[in-house]
Amino acid sequence: MLFWLTELSDGGDVFNLFRYITFRAGGAFFTALIFGFIFGRPLINLLRIKQGRGQPIRDDGPEGHLAKAGTPTMGGLLILSALVVATLLWARLDNPYVIMVLFVTLGFGAIGFADDYAKVSKHNTDGVSGKIRFGLGLIIAAIAGVWAAWYHPDALSNQLAMPFFKNTLLNLGIFFVPFTMIVIVGSANAVNLTDGLDGLAIMPVMIAAGALGVIAYAVGRVDFTEYLDVHYVPGTGEIFVFTSALIGGGLGFLWYNAPPAAVFMGDTGSLALGGALGAIAVATKHEIVLAIVGGLFVVEALSVIIQVLYFKRTGKRVFLMAPIHHHYEKKGWAEPQIVIRFWIISLVLALIGLATLKVR
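Just so it is clear, the structure is predicted and the values come from calculations on it, not from any experiment.

Visitor: Give me the lowdown on the overall build of the chain, citing residues and values where you can.
Guide: If you tally the helices and strands in the chain, you get 13 helices and 2 strands. For 360 residues, the compact-globule estimate of 2.2 N^0.38 gives 21 Å, and the chain sits close to it at 20 Å. If one aligns the C-alpha atoms of the chain with their principal axes, the spans along those axes are about 60 × 45 × 35 Å. Here the chain, with 360 residues, has 53% of them falling under the buried criterion. Nonlocal contacts in the chain, meaning residues at least 24 apart in sequence, comprise 74% of its contacts between residues at least 6 apart. Put simply, the chain shows about 15,900 Å² of open surface, and 68% of that area lies on carbon and sulfur atoms. Across the chain, the centroid of the 25 positively charged side chains sits 8 Å from that of the 22 negatively charged ones.

In structure tokens:
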């Protein structure tokens, strides 16, 4: 919205600053961060009053989690509110990729909100049917896939780009949209599975968003793409404003979510943020790189898949409990120890993902 102030610029005044993505990204970051600090406590108090007993705690989970009973959930509303306000203020609203990512984020956020609301209103952990959640997610992701294919350059539309090999493109054709659905829905659910300890999910999300934001900025500049040997996707640089707002909102939320958490993100936040990461990867043609920068989420999801399949086949468990962060809880690791070590892993993976931008 503030980009339109450039219409008042003569090229040498303060209004000219709003032309620069980096300036507006900084503005989005601080706007979202301040928003989180200002409205965080009032929102938590409101959620505590409305929810009463807070998020239901599973009886079959780690014993230490029973002490978390009464903690309000739906804290993702704080992240999403800060993110949306900052993005609407600082991003170009005529950019199709920003609108697509916002659509996916809010769509999955709505699914998560409905699930959280069902849990707290019924005071159990059932929530919305998994089939309904999955089906709605597929619809949102399919729309995003068609959207992306429509606005991608003709040479890249319906193509899968390969890291390290700029001249190698895999033409998915009619399978591009189903592939997009897998990426976005898979990302949303992987982040959702990771959100099981105080502060565990939000920092890796911010780290992955930071890496994807840098990638979006790079692939949106033709001079950068020539040097970094990646595909040029005009317009994606504006996503950097969105990811900066996400990081600012995420830090504002982490202030209250750090152990011991005063509020949980809930499915409202985890599904929305996971969906956002998937949508950014699709927009920037870096779907495979998402599996690297978001490698922690991949491992968390795989641990659940492996546990379920192996148990059905043998009646035995590979992990003491899945997702894998619960396995380490069962082994006696302290919650902050698990969280910080997983943060470190996320940072390393993000740096590896960024390294794909310049490998010849």
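Continuing now.
Visitor: Break down the pattern of salt bridges for me, with residues and values.
Guide: Inspection of every chain in the model, using the stated rule, returns 7 salt bridges. Of the charged contacts, one joins D267 and K119 as a salt bridge, the two residues approaching to 3.4 Å between their closest N and O atoms. Taken together, the residues span a long stretch of sequence, with D267 in helix α9 (residues 266-283) and K119 in helix α3 (residues 96-122) at a distance of 148 residues. Ionic contacts of the salt-bridge type, sharing partners, join the residues D115, K119, R133 and D267 into one network.

Visitor: Provide a residue-level description of the packing of helix α11 (residues 295-314) against helix α13 (residues 335-355), including the pertinent values.
Guide: Following both chains from N to C, one finds α11 and α13 inclined at 120°, their axes separated by 8 Å at the closest point. In terms of axis orientation, α11 runs oblique to α13. Between α11 and α13, the contacting residues are G295, L296 and E300 on the first element and F342, S346 and L349 on the second. In terms of residue class, the contact of α11 with α13 is made up of 3 nonpolar, 2 polar and 1 charged.

Visitor: Tell me about the environment of L347, and please be specific about residues and values.
Guide: Of note, L347 is situated in helix α13. Overall, L347 belongs to the partly exposed group, its relative accessible area being 44%. Separated by 67 residues in the primary sequence, L347 and I280 have C-alpha atoms spaced 18 Å apart.

Visitor: Pulling in residues and values, what's your account of the packing of aromatic side chains?
Guide: Under the criterion given, the structure shown has 12 aromatic pairs. Aromatic side chains F23 and W90 sit 6.1 Å apart centroid to centroid with 75° between the ring planes, which places their arrangement in the edge-to-face category. Taken as a pair, F23 in helix α1 (residues 21-51) and W90 in helix α2 (residues 76-90) lie far apart in primary sequence, 67 residues in all. Between the aromatic rings of F35 and F39, the centroid separation amounts to 4.6 Å while the plane-to-plane angle is 40°, which identifies the pairing as tilted. Here F39 and F35 lie together in helix α1, a separation of 4 residues that amounts to about one turn. Classification of F39 as partly exposed rests on a relative accessible area of 41%. Among the aromatic side chains, those forming a connected cluster through ring pairs are F18, F23 and W90. One cation-aromatic arrangement involves R221 over F224; the distance from NZ or CZ to the ring centre is 4.3 Å. The ring of W333 has R341 sitting right over it, with the charged end atom 4.7 Å from the ring centre.

Visitor: Describe the packing of helix α5 (residues 176-194) against α11, and please don't skip the residues or the numbers.
Guide: Where α5 meets α11, the closest approach of the two axes is 8 Å, and the angle between their N-to-C directions is 80°. One finds that α5 runs roughly perpendicular with respect to α11. Within the contact between the two elements, α5 uses A190, V191, L193 and T194 and α11 uses F297, E300, A301 and V304.

Visitor: Help me get a handle on the side chain of T236, residues and values and all.
Guide: Considering the arrangement of structural elements, one finds T236 in the loop between α7 (222-228) and α8 (239-257). Within the local environment of T236, its side chain forms a polar contact with the backbone oxygen of A216, the two atoms lying 3.2 Å apart. When residues no more than four places from it in sequence are discounted, the contact partners of T236 are Y97, A216, V219, G220, A283 and T284.

About the thresholds
- Residues numbered from 1 in each chain as written.
- Predicted model: local features only at pLDDT ≥ 70, side-chain atom pairs only at ≥ 80, totals over all residues.
- Heavy atoms only, no water.
- Helix = DSSP H or I, 4+ residues; strand = E, 2+ residues; numbered from the N terminus.
- Rg over C-alpha atoms; globule rule 2.2 N^0.38 Å.
- Buried < 20%, exposed > 50% of the residue type's maximum accessible area, 1.4 Å probe, protein only.
- Contact = heavy atoms within 4.5 Å.
- Areas by Shrake-Rupley, 256 points an atom, 1.4 Å probe, with all protein chains shown as cover.
- Lys, Arg positive; Asp, Glu negative; His and termini not counted.
- Charge placed at Lys NZ, Arg CZ, Asp CG, Glu CD.
- Salt bridge = Lys/Arg side-chain N within 4 Å of Asp/Glu carboxyl O.
- Axes fitted to C-alpha atoms, helices over the stretch in contact; angles between N-to-C directions.
- Parallel < 35°, antiparallel > 145°, perpendicular 65-115°, else oblique.
- Nonpolar A, V, L, I, M, F, W, Y, C, P; charged D, E, K, R; others polar.
- Phe/Tyr/Trp six-rings, centres within 6.5 Å; stacked < 30°, edge-to-face > 60°.
- Lys NZ or Arg CZ within 6 Å of the ring centre and 35° of its normal.
- Polar contact = N/O pair within 3.5 Å; in protein donor to acceptor, adjacent residues only side chain to side chain.

Note that every value here comes from positions in space, so none of it alone points to a role or purpose.
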